[in-house]
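# Architecture at a glance
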Amino acid sequence: MLSLENISKSIHETLSASLNGTLVLLIEMTIAGVLVISLFAVLGLVLVFMERKVSAYMQIRLGPNRVGYKGFAQTAADTLKLLIKEGLTPDGADKFLFNLAPLLVIIVAMLIMAPIAFTKGFQLWDINIGVLYVSAVSSVGVIGILMAGWASNNKYSLLGAMRSGAQIVSYELSAGLSVITIVILVGSLSINDIIESQRNGWWIFKGHIPVLISFVIFVIAVTAETNRAPFDLAEAESELTAGFHTEYSGMRFALFFLAEYVNIFIVCAIGATLFFGGWMPFHIGSWEAFNHVMDFIPGIVWFFGKVFALIFLIMWFRWTFPRLRIDQLLNLEWKYLLPIAMFNLLLTTVMAITGFYIK
Amino acid sequence: MFIVDYIKTVYNASASLLKGMRMTGYYFFNHKEIITQQYPDVKQELPERFRGEVVMMHDEKNEHRCTGCTACELACPNATIKIVTKMELQPDGKKKKALDNFVYHLELCTMCNLCIVACPTDAIKMAQTFEHSVFDRNQLTKKLNATGSKLMEGVE
Amino acid sequence: MYRESQIVSETNSPFGGEGAGNLVINVGPQHPATHGVMHLVITMNGETILYVEPHLGYIHRSIEKMCESLSYRQFIYSTSRMDYLSSHINNHGCALAVEKGLQIEVPERAKVIRILMDELTRIASHVLWWGAMAMDVGALTPFFHAFRERELINDIMEETCGARLTMNYMVPGGVMTDLHPNFVKKVKEFVAFFRTKIDEYDTLVTHNVIFKQRMMDVGKISAADAVSFGCTGPVLRACGVKSDIRKLAPYDGYEKLNFEEPLETAGDSYARYLVRMRELRESLSIIDQLIDNIPEGDFQAKTKAVLKLPKGEFYSRVETARGEFGVYIISEGGLTPYRIHFRSPGFANLSCLNQIARGQKIGDLVAMMGTLDLVIPDIDR
């Protein structure tokens, strides 16, 4: 059967047969790099188009429908426009940091891509502390935003960046705690182990109410972490014009824009992996026949299906809700989400010890 | 009870958010609600009273009804209309004032309809056009009476 | 070439500007929050506002001076350009002032048409405000939903008046043209449609918990303050002060109608929001009362071709969507007014911004400006 696992394996074998180990590694890394970058480009195009269509339909509009077939080429045209636009650096900006910030943001987004399992055996780096790695690296992104806000020499940017800093630092906590609930149930930090543990059913169904609560907290927290409405205070269009990327134009702006969408994809991929079994098809306990039918749908379809369903949910939030205020945002985290997440963690631990979950 | 109130608040809050999401979700899946008009492809019929620009009516014999009385020029708040008259020799040998050039500055016009109301002979009317953009603003200064047109018989 | 440090505005803040360690931010003249060209110099301590200073004049067109050289028929059109969202009501106010001077008796039919148009304009204005208000607090979808209903009203206006925004339909002595034959049918359809949509507005925004949190206890102003700042309209009614000109000094037959003046007592942003939402329903009920009872007759009184107001001073006031709109004409007996003054509601409502915004967050300032329902050309004239 032709699967991504076999393709990657056969490439590895062909290369190993003729070349020495170091060279094989280098070539494979190049291939992986090219794949990740092209995935980024495709994701950027697809997600921006999806966002525009989703928002258009919710706002009883048609959305882009002129460029290309049904408007599919619209985002490509927009990217082309951004590529040929002049990238202005404001007078009085810290030029080094100003130029570094978008790169940092996009590199962090790239790094988190490493441990994500797209389908069985198709993963860049099967690291045994996958979940920890993701939480650790994703916190670095805020430095890029702070850098952009500070270096722009613009008060709106600075306000936006400071808001973003406060927001991401706070919401990392509850996002982390809700991830830990699954880690406790699985007993491993490895992404593959987590997916494998959901062979007889996804955690969202197996884990009863505690996992459901942690899923809700996770969705809220990652929406805030990716600076999406209703938590888009860092950009807050009506207050701060564009927040931390007010002064950016051309390709540098495009990198921020791309990083936003890639970050959404990544957090949704993590959410899908933890709560919906990643590429694992929909299995119900010991219904062998049913599980077998489900296995016919390839893992990559399951994975992207779940991820895009979660992305749609986050977009749905954005186009429905008003924005919170900065103090309400922090109140929500420190007075509601964090205590609930901690209590929930305790509950999950008890559940894990007593074995009161569907095994 | 404190805890009951707390749970009630959380429940009502989530319910209000979910109701809002149900509404946007309804619009997302029901495309029949979409109200976009695909403008250059599908053009909407404009009502007959729509005020787009001032035009002068001519019949098939290239005759208009404007006597050059300048009532519209006086009624216009923005000096949009300038009427140039000439003295024309009548068949009976008398000289009579007649319209030479009806100058209309579309770029100054606010479509207030006062000139149409003021006109005693119904010589001008509003046209249902709205695509007025041009590259040179001189093109917006228009001559409304057609070249070689004459005053209609019997209009005083 | 100048650096940002050089264009930091001078501020009259009693707390000091940049030198005192505060953050001075120029919101505007081009800023998405101001819905036009207005300039606010905000002195802030972190996210908290210490002092707000509006700078006006970016869109000043000296309409009052212009009107001095226009005749009494002509000057009305320019008032549509002040508060462009309630242009009918502005025109109405001017027409009333001129009629007062000339002592013209307006036909009953014209009066009813005027009220119908006024109320449709009020709905259109409030609907647009609702969308913009939601956009100010970050929800973008309601804006488009609001425009769906507003377009229907614009279509009705277009059919009868010939224009969508600046109609110049009210003239001294009545209205310019008679109602379009489709008018009654279309308005009835619209009212039925709009009643269902108001409930959707409530679901989407009014009852939304985030929206409530953003609006409640924010931008509070006491009744005494609101009166002394000269606030009118929904801003004053949200403090519990009866101030509807349609009730206090009825014009053109508002006294015969049965409608309620919505009052709230909290005086905060949410109260202002609720007052406007209730006004929408009241306007619908006014239209309901009139739409089947449009009297037959002339739509315009017989007037002279050239209007000359007698020597004297004439004042009329109407209730626009934003508050009290006053027209003050001084006539020397000539063809044109000696002096015209417009009392615009937006200017007075803006003046309380500093009072209500102090101590609040910058995000709330945007929401507060939304609830004041500022139309910048109305403020600057």
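### Some remarks on the overall build of chain B
The helix and strand inventory of chain B stands at 3 helices and 7 strands. Walking chain B from its N terminus toward its C terminus, one meets helices and strands in the order α-β-β-α-β-β-α-β-β-β. Radius of gyration (C-alpha) of chain B: 28 Å, far over the 15 Å computed for a compact globule of 156 residues. With 156 residues in all, chain B has 37% of them scored as buried. Restricting the contact set of chain B to residue pairs at least 6 apart, pairs at least 24 apart contribute 70%. Total accessible area computed for chain B in this model is approximately 10000 Å², and 56% of it derives from carbon and sulfur atoms.

### A word on the interface of chain B and chain A
In this assembly, 16 residues from chain B lie in contact with 17 residues from chain A. Between chain B and chain A lies a buried interface of about 1500 Å² when both sides are counted; carbon and sulfur atoms form 72% of it. Between aspartate 41 of chain B and arginine 66 of chain A there is a salt bridge; the shortest N-O distance is 3.5 Å. Across the contact surface, chain B and chain A share 7 residue pairs in polar contact (both at pLDDT 80 or more). Here the residues of the side of chain B that touches chain A are counted per class, giving 8 nonpolar, 6 polar and 2 charged.

### Remarks on the domain arrangement of chain A
Residues and elements named next belong to chain A. When cut into domains, chain A gives domain 1 (1–84) and domain 2 (88–354). Here the C-alpha centroids of domain 1 and domain 2 sit 20 Å apart. Counting residues at the interface gives 21 residues for domain 1, matched by 28 residues for domain 2. Interface of domain 1 and domain 2: buried area, both sides summed, is about 2400 Å²; carbon and sulfur atoms make up 85% of it. Where domain 1 touches domain 2, the interface holds 2 salt bridges. With its nearest N and O atoms 3.0 Å apart, the salt bridge here joins arginine 318 to glutamate 51. Taken together, the connections running from domain 1 to domain 2 amount to 4 residue pairs in polar contact (both at pLDDT 80 or more). Going through the elements one at a time, helix 1 (4–18), helix 2 (21–58) and helix 3 (74–83) are the ones with two or more residues in the side of domain 1 that touches domain 2. The greatest single-element share of the side of domain 1 that touches domain 2, amounting to 15 residues, is contributed by helix 2.

### So, empty space enclosed by the protein
In this structure the tally under the stated criterion is 7 cavities of 30 Å³ or more. In this structure, the largest cavity encloses a volume near 100 Å³. Along the lines of polarity and charge, the residues of the lining of the largest cavity split into 12 nonpolar, 4 polar and no charged.

Rules and cut-offs
Residues numbered from 1 in each chain as written. Chains lettered and ligands numbered in written order. Predicted model: local features only at pLDDT ≥ 70, side-chain atom pairs only at ≥ 80, totals over all residues. Heavy atoms only, no water. Helix = DSSP H or I, 4+ residues; strand = E, 2+ residues; numbered from the N terminus. Rg over C-alpha atoms; globule rule 2.2 N^0.38 Å. Buried < 20%, exposed > 50% of the residue type's maximum accessible area, 1.4 Å probe, protein only. Contact = heavy atoms within 4.5 Å. Areas by Shrake-Rupley, 256 points an atom, 1.4 Å probe, with all protein chains shown as cover. Buried area = accessible area lost by both parts, 1.4 Å probe. Salt bridge = Lys/Arg side-chain N within 4 Å of Asp/Glu carboxyl O. Polar contact = N/O pair within 3.5 Å; in protein donor to acceptor, adjacent residues only side chain to side chain. Nonpolar A, V, L, I, M, F, W, Y, C, P; charged D, E, K, R; others polar. Domains from an automatic or database assignment. 1 Å grid on protein atoms, 1.4 Å probe; cavity = no way out; pocket = protein on both sides within 12 Å on 5 of 7 lines; lining within 4 Å. Points joined across faces, edges and corners; volume = space filled by probe spheres on them.

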